[in-house]
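Architecture and fold: a report
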Amino acid sequence: MSNTPMAASPLTRAVLEIDEYVSGLGWDQPARLFALVDTARLRAQEPALAAQLGLEDESASTGLTPIEQDEIPSGKPLDEFLGTIAWPDAVAGCALSVERLMLPPSAETQVPENLSEAKLAQWVADHPERQEVRMTVAVLRDGGRESALRLREKDSPTEVLTGPDLVPGLAAALAATFED
């Protein structure tokens, strides 16, 4: 299914697999949350679910399998929603794919002061240099992090930027879902 590089780490492969999946759904999608589970453990402990996900015949015993969670409530701010999540021990990590508007660093000096959150969002939406971006960020229980960024204007699998520190605030918020 996936065009992710086999040499990449399991976390990078999972992030790129999620990016590819969400990309196939098109733009203007709601945020999507995924549990990341150890594929070998999933096969051993939940063979029926592994079969349902098409994982029963895979020879590789390493890797992470993303499992999409229920829809994120639209009326609740994302940071508040993430604060309500607690993962069971079987979940090795989690990932979130979300679309946002982004401005280049050069626009930071242009931001008017004392804008409300709503007015700032409108200002960004109206800015001529704004870019639509899909961010897929994943964290592991052990602290591992990975991100994938895809610009709407360069919507191609070969144009996806990856790295562990591309969206540090969102990574920290996801990591907090594993804290006691």
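None of these values were measured; they are calculated from a predicted model.

1. A word on the environment of Glu68
Within the secondary structure layout, Glu68 lies in strand E2 (residues 64–68). Residue class for Glu68 comes out partly exposed when judged on its relative accessible area of 32%. Between the C-alpha atom of Glu68 and that of Thr162, which follows or precedes it by 94 residues, the distance is 21 Å. In contact with Glu68, other than residues within four places in its own chain, are Tyr21, Arg32, Leu33 and Phe34. Polar contacts involving the side chain of Glu68 include one to the side chain of Tyr21, which spans 2.7 Å. A polar contact is formed between the side chain of Glu68 and the side chain of Arg32, at a distance of 2.8 Å.

2. Some points on the side chain of Thr65
Topologically, Thr65 is positioned in strand E2. The class of Thr65 is buried, set by a relative accessible area of 7%. Residues within four places of Thr65 in sequence aside, it is in contact with Ala35, Leu36, Val37, Thr39, Leu42, Leu53 and Leu55.

3. Observations regarding unusual backbone geometry
At Asp28, a residue that is not glycine, the phi angle is positive and equals roughly 65°. With respect to the helices and strands, Asp28 occurs in the loop between helix H1 (10–24) and strand E1 (32–38). On the accessibility criterion, Asp28 (57% relative accessible area) is exposed. Even without a glycine there, the phi angle at Asn114 is positive, about 60°.

So, how was this worked out
- Residues numbered from 1 in each chain as written.
- Predicted model: local features only at pLDDT ≥ 70, side-chain atom pairs only at ≥ 80, totals over all residues.
- Heavy atoms only, no water.
- Helix = DSSP H or I, 4+ residues; strand = E, 2+ residues; numbered from the N terminus.
- Buried < 20%, exposed > 50% of the residue type's maximum accessible area, 1.4 Å probe, protein only.
- Contact = heavy atoms within 4.5 Å.
- Polar contact = N/O pair within 3.5 Å; in protein donor to acceptor, adjacent residues only side chain to side chain.

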